[in-house]
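Geometric and topological summary
Each chain is listed here by its residues.
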Amino acid sequence: VNLRALTSWVGIARLFAVVLSCLAFSLVASTGHFEGPYGTWCMFTWCFCFAVTLLVLLLELLELYSLLPLSWDDFTSAFSMLAALMVFTSSVIFPAIFISSPCSSNQCARQAVATTASCLCFLAYAVEVALTRAKPGDISSFLSTVPGLLKVFEAYVACLIFSLLDGYSGKPGLMWCVAVYSICFIITLLIIIFTIGRCLTYIPCPLEKMLVGYNFLALLMYLTATVLWPLYSFRGHSRPNSCGRNCLWDKHLGVTFLTIFNLIAYLVDLVYSTRMVFI
């Protein structure tokens with residue numbers, strides 16, 4: 001039994017994440033008010049992060065992770081980054097959709113406490129990411145480096161973009177943007193999976209330079225999408241007065257901002273990757 005898995009700073013952060021995510025989904029479940037896709041997503045996020053973090057703690061406590069056919073450091077780094085992003089999204093979506101003002105009922109109080117627990121859970125995962133991030137010169141775990149963490153961020157933002165895609169059929173400019181999102185997401189996801197599965201060493205080419213080349217290509221592709229998506233989405237279309245929760249105009253605006261976020265992420269990724277390889 002490795003008690004340091006629970007007493008180290010990383011272990012303590014994981015324990016806080018387990019308790020807080022459990023508190024969040026328990027309080028929301030007790031209200032019975034989490035219907036619809038947004039509520040389902042928030043509940044899935046808290047339950048998923050609780051289950052996987054608890055499993056990580058148990059495997060490290062019993063020192064069984066070495067038996068798994070994967071890079072454990074890469075897996076835990078990727079998961080903590082993904083969990084931080086998922087919980088942050090849920091911490092924003094849940095109160096925006098389910099908490100109404102004024103908040104005076106018992107149900108609303110439980111929802112508010114669940115939102116607070118979710119925000120604190122995000123901070124716990126963010127602390128874990130900070131504690132496990134590779135120091136300069138340490139390349140033992142790629143996904144714990146800044147380019148590796150950015151890969152997880154890029155893939156997650158692409159998933160958010162996919163959830164908002166609508167009304168692009170028959171428009172060549174928008175269809176090109178969808179192709180950009182899809183191609184970059186698939187390649188980035190494969191890089192993450194191959195890294196965790198220790199398969200990158202079997203690629204018969206200079207891996208570091210290949211990643212730099214891919215980041216440059218993805219940056220150029222996202223640059224075209226950053227220009228074409230708002231051009232084809234908003235040209236001649238102003239925001240309608242009756243724009244509800246599933247308003248197409250709002251979805252296109254969300255895709256525009258997420259595209260810009262990923263463009264910046266790929267730019268930073270390219271800069272860091274180039275420094276790691278050539279400098």
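None of the values given here were measured: they were computed from a predicted structure.

1. Here we look at the overall build of the protein
The number of helices and strands found in the protein is nine helices and zero strands. Across the protein, helices and strands are ordered from the amino to the carboxyl terminus as α-α-α-α-α-α-α-α-α. Its C-alpha atoms give the protein a radius of gyration of 21 Å, within 12% of the compact-globule value 19 Å for 279 residues. Along the three orthogonal principal directions, the C-alpha set of the protein runs to about 60 × 55 × 25 Å. For the protein, the proportion of contacts with a sequence separation of at least 24, taken over those separated by at least 6, is 78%. Of the roughly 14400 Å² of accessible surface on the protein, 72% is carried by carbon and sulfur atoms.

2. What about the packing of helix 4 (residues 72–98) against helix 6 (residues 146–164)?
The N-to-C vectors of helix 4 and helix 6 enclose an angle of 40 degrees; their axes lie 9 Å apart at closest approach. Compared by their axis directions, helix 4 and helix 6 come out oblique. As for the relative orientation of helix 4 and helix 6, their crossing is right-handed in sense. Where helix 4 approaches helix 6, its residues Ser77, Ala78, Met81, Leu82, Leu85, Met86 and Thr89 are matched on the opposing element by Leu149, Val152, Phe153 and Tyr156. Taken together, the residues that form the contact of helix 4 with helix 6 break down as nine nonpolar, two polar and no charged.

3. Some words on the UniProt feature "transmembrane region" (unreviewed entry) in the protein
Within this numbering scheme, the UniProt entry marks residues 6–29, 41–59, 79–100, 112–131, 173–200, 212–232 and 252–272 as carrying the feature "transmembrane region" (unreviewed entry). Secondary structure across residues 41–59 comprises 100% helix and 0% strand; the distance between its end C-alpha atoms is 27 Å. Secondary structure within residues 79–100 divides into 91% helix and 0% strand; the distance between the first and last C-alpha atoms comes to 32 Å.

4. Structural notes on the environment of serine 30
Checked against the element boundaries, serine 30 lands in helix 2 (residues 9–31). Residues serine 30 and tryptophan 46 lie 16 residues apart in sequence; the distance between their C-alpha atoms is 14 Å. A distance of 3.2 Å separates the side chain of serine 30 from the side chain of arginine 110, its partner in a polar contact.

Conventions adopted
- Here the residue index of a chain counts from 1 through its sequence in written order.
- For a predicted model such as this one, the threshold for reporting local features is a pLDDT of at least 70, and the threshold for listing and counting side-chain atom pairs is 80 or more; totals across whole chains, interfaces and linings nevertheless cover every residue.
- Heavy atoms from the whole structure form the basis of all side-chain values; hydrogens and water molecules are not counted.
- Helix and strand assignments come from DSSP, with helices taken as H or I runs of at least 4 residues and strands as E runs of at least 2, each series counted from the N terminus.
- For this measure, only C-alpha atoms enter the radius of gyration; the expected value for a globule follows 2.2 Å times N^0.38, where N is the number of residues.
- Residues are treated as being in contact if the distance between any of their heavy atoms lies within 4.5 Å.
- Surface accessibility in these figures is a Shrake-Rupley result with a 1.4 Å probe; residues are shielded only by whichever protein chains are displayed.
- Only the contacting stretch of a helix is used when fitting its axis, a line to C-alpha atoms as for every element, and angles between N-to-C directions run 0 to 180 degrees.
- Throughout, the term roughly parallel applies to angles under 35 degrees, roughly antiparallel to angles over 145, roughly perpendicular to angles from 65 to 115, and oblique to all others.
- Crossing handedness follows the turn of the near helix against the far one: under a right angle anticlockwise gives a left-handed crossing, and clockwise gives a right-handed one.
- Each residue is assigned to one of three groups, with Ala, Val, Leu, Ile, Met, Phe, Trp, Tyr, Cys and Pro labelled nonpolar, Asp, Glu, Lys and Arg labelled charged, and all others, Gly among them, labelled polar.
- UniProt positions are given in the numbering used here, feature names are shortened, and annotations may be inferred rather than shown by experiment.
- Counted as a polar contact is a pair of N or O atoms within 3.5 Å, where, for protein atoms, one must be capable of donating a hydrogen and the other of accepting one, and residues adjacent in sequence contribute only when both atoms are in side chains.

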